[in-house]
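Spelled out from the first residue to the last, the chains are:
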Amino acid sequence: MKKQELLKLGFVDTSYTEEGNNFTQFTFKSPGVTIEVSENSCVEIKLNGMWSFVSNCKNIKDLRYLIKLFAKF
């Protein structure tokens, strides 16, 4: 997933450096849910305080459905 596509969906660039290694990460927050996308398009969702890997979220269209399903606006 491309940076510009994620930013248009409301994700925030939360990339960081740890022990000299750069990590690319984008985070979407809505009441009750947090979604993180890492540089290799790994998608994780936090619901009820628990993180889960979302294995079937492979593209921006899938990510839109995930947001629509869980996010509260």
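Analysis parameters
Position numbers for residues count from 1 along each chain, tracking the sequence in the order it is written. At least 70 in pLDDT is required for a residue's local features to be given in this predicted model, at least 80 for side-chain atom pairs to be given and counted, and no such filter applies to totals for whole chains, interfaces and linings, which use all residues. Side-chain measures were taken over the full set of non-hydrogen atoms in the model, leaving aside hydrogen atoms and water. Strands are runs of DSSP state E lasting at least two residues, helices are runs of H or I lasting at least four, and both sets are numbered from the N terminus onward. Atoms counted for the radius of gyration: C-alpha only. Globule rule: 2.2 Å times the number of residues to the power 0.38. Partly exposed residues are those whose accessible area sits between 20% and 50% of the maximum for their type, while under 20% is buried and over 50% is exposed, using a 1.4 Å probe and protein chains only. In this analysis, two residues are considered to be in contact whenever any of their non-hydrogen atoms come within 4.5 Å of each other. Pairing between two strands requires that DSSP report at least two bridges joining them. Here a polar contact is taken to be a pair of N or O atoms separated by no more than 3.5 Å, where protein atoms must pair a possible hydrogen donor with a possible acceptor and residues adjacent in sequence count only if both atoms sit in side chains. Between 30 and 60 degrees the pair is tilted, below 30 it is stacked and above 60 it is edge-to-face, where a pair is any two Phe, Tyr or Trp rings, Trp via its six-membered ring, whose centres lie within 6.5 Å.

Asks: Whenever I open this one, the overall build of the protein confuses me. Can you help?
Replies: A count of helices and strands for the protein gives two helices and seven strands. Reading the protein from its N end, one meets helices and strands in the order α-β-β-β-β-β-β-β-α. In terms of C-alpha radius of gyration, the protein reaches 12 Å, essentially the compact-globule figure of 11 Å for 73 residues. For the protein, the C-alpha atoms occupy an extent of roughly 35 × 25 × 20 Å along the three principal directions. The buried share of the protein, taken over its 73 residues, is 29%. Long-range contacts, defined here as pairs at least 24 residues apart, represent 29% of the contacts in the protein between residues at least 6 apart.

Asks: Please explain the sheet that holds strand 6 (residues 43–47) as it appears in this structure.
Replies: Whether parallel or antiparallel, the strands of a sheet pair through hydrogen bonds between backbone atoms. If you walk across this open sheet you meet the five strands as 1-4-5-6-7, and the pairing is antiparallel. In this open sheet, the two edge strands, each paired with only one partner strand, are strand 1 (12–13) and strand 7 (50–53). Bridging between strand 1 and strand 4 (residues 25–30) involves two bridges; their strand directions are antiparallel. Looking at the pairing, Asp13 lines up with Phe26 of strand 4.

Asks: Please clarify how the side chain of Thr27 should be interpreted in this entry.
Replies: Tracing the backbone through its elements, the reader meets Thr27 in strand 4. Residue Thr27 is classed as buried on the basis of its relative accessible area of 7%. A distance of 2.8 Å separates the side chain of Thr27 from the side chain of Thr14, its partner in a polar contact. If we ignore the near neighbours within four places in the chain, the residues touching Thr27 are Gly10, Phe11, Val12, Thr14, Thr34, Ile35 and Glu36.

Asks: In this structure, what is going on with the packing of aromatic side chains? I would like to understand it.
Replies: Each aromatic ring pair is described using two quantities: the centre-to-centre distance and the angle formed by the ring planes. A full pass over the atoms with the stated rule returns two aromatic pairs. Each ring, one from Phe11 and one from Phe28, has its centre 5.4 Å from the other, and the planes form 45°; the classification is tilted. In this pair, Phe11 is assigned in the loop between helix 1 (3–8) and strand 1 and Phe28 in strand 4, connecting sequence segments 17 residues apart. Neither Phe11 nor Phe28 differs from the other in exposure class; each is buried.

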